[in-house]
Amino acid sequence: MVTMVSACGTAGHHRSNAHDAFYAAKSAQAGFTEILSKRLRPQGVRVISLYPPDFDNTDPLSEEWNSTPREAKDALTAQSLVDCILFAVTQPRDCFIKAFHFEQV
């Protein structure tokens with residue numbers, strides 16, 4: 001199970017202009033996925049949470065998908081999020097990667 005929480009769900013995060021209700025919802029989602037991870041692990045279900053800041057979200061069917069800059073100085077991209085998810089779900093079944101936290105540029 002993969003869930004996109006958001007950096008806004010991280011305690012103390014303040015760099016987004018998101019509405020207060022969004023911060024509250026993402027904090028609740030972070031807590032919920034934490035509990036799900038602990039409860040579902042005995043059944044072998046991996047719960048992976050992503051905590052990205054704002055990121056560039058190009059259409060995966062467009063030509064931009066393969067040409068979007070992905071250097072250290074660039075904003076996080078949807079492609080990088082997909083790569084992290086694919087990495088996590090292809091790990092052996094005993095590898096429980098619980099979360100990916102991303103730095104904001």
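In case you missed it, the structure is sitting above this.
The rules behind these values
- Residues numbered from 1 in each chain as written.
- Predicted model: local features only at pLDDT ≥ 70, side-chain atom pairs only at ≥ 80, totals over all residues.
- Heavy atoms only, no water.
- Phe/Tyr/Trp six-rings, centres within 6.5 Å; stacked < 30°, edge-to-face > 60°.
- Lys NZ or Arg CZ within 6 Å of the ring centre and 35° of its normal.
- Helix = DSSP H or I, 4+ residues; strand = E, 2+ residues; numbered from the N terminus.
- Expected span 1.5 Å × (residues − 1).
- Contact = heavy atoms within 4.5 Å.
- Buried < 20%, exposed > 50% of the residue type's maximum accessible area, 1.4 Å probe, protein only.
- Core = buried A, V, L, I, M, F, W, Y, C linked by side-chain atoms within 4.5 Å.
- Salt bridge = Lys/Arg side-chain N within 4 Å of Asp/Glu carboxyl O.

(A) The packing of aromatic side chains, seen in detail. By the definition in use, this model includes one aromatic pair. The ring of F96 has R41 sitting right over it, with the charged end atom 4.0 Å from the ring centre.

(B) Summary view of helix α1 (residues 20-40). Across its 21 residues, α1 extends 30 Å between first and last C-alpha, which sits within 8% of the 30 Å expected from 1.5 Å per residue. Contacts from the buried residues of α1 go to β1 (2-4) and β2 (48-51).

(C) Examining helix α3 (residues 78-89) more closely. Here α3 spans 17 Å end to end across 12 residues, near enough to the 16 Å set by a 1.5 Å rise per residue. If you check which residues of α3 are buried, you get A78, Q79, S80, L81, C84 and A88. Buried residues belonging to α3 abut β1, β2, α2 (64-67) and β3 (99-101).

(D) Looking closely at the nonpolar core. Formed by I48, L50, L76, L81, C84, A88, I97, F100 and F102, the largest nonpolar core amounts to nine residues. When contributions to this core are tallied by element, the ones reaching two or more residues are β2 and α3. Per element, the largest residue contribution to this core is three residues, and it comes from α3.

(E) Highlighting the pattern of salt bridges. Scanning the entire structure with this criterion turns up four salt bridges. A salt bridge links K38 to E34, with the shortest nitrogen-to-oxygen separation between them at 2.6 Å. Separated by four residues within a single helix, K38 and E34 lie in helix α1, roughly one turn from each other. Accessibility expressed as a relative area gives 52% for K38, which makes it exposed. Residue D74 pairs with K73 through a salt bridge whose shortest N-O separation is 3.5 Å. A relative accessible area of 18% means that D74 is categorised as buried. Overlapping salt bridges, with partners in common, bring together E34, K38 and K98 in one network.

Structural measurements only, silent on function.
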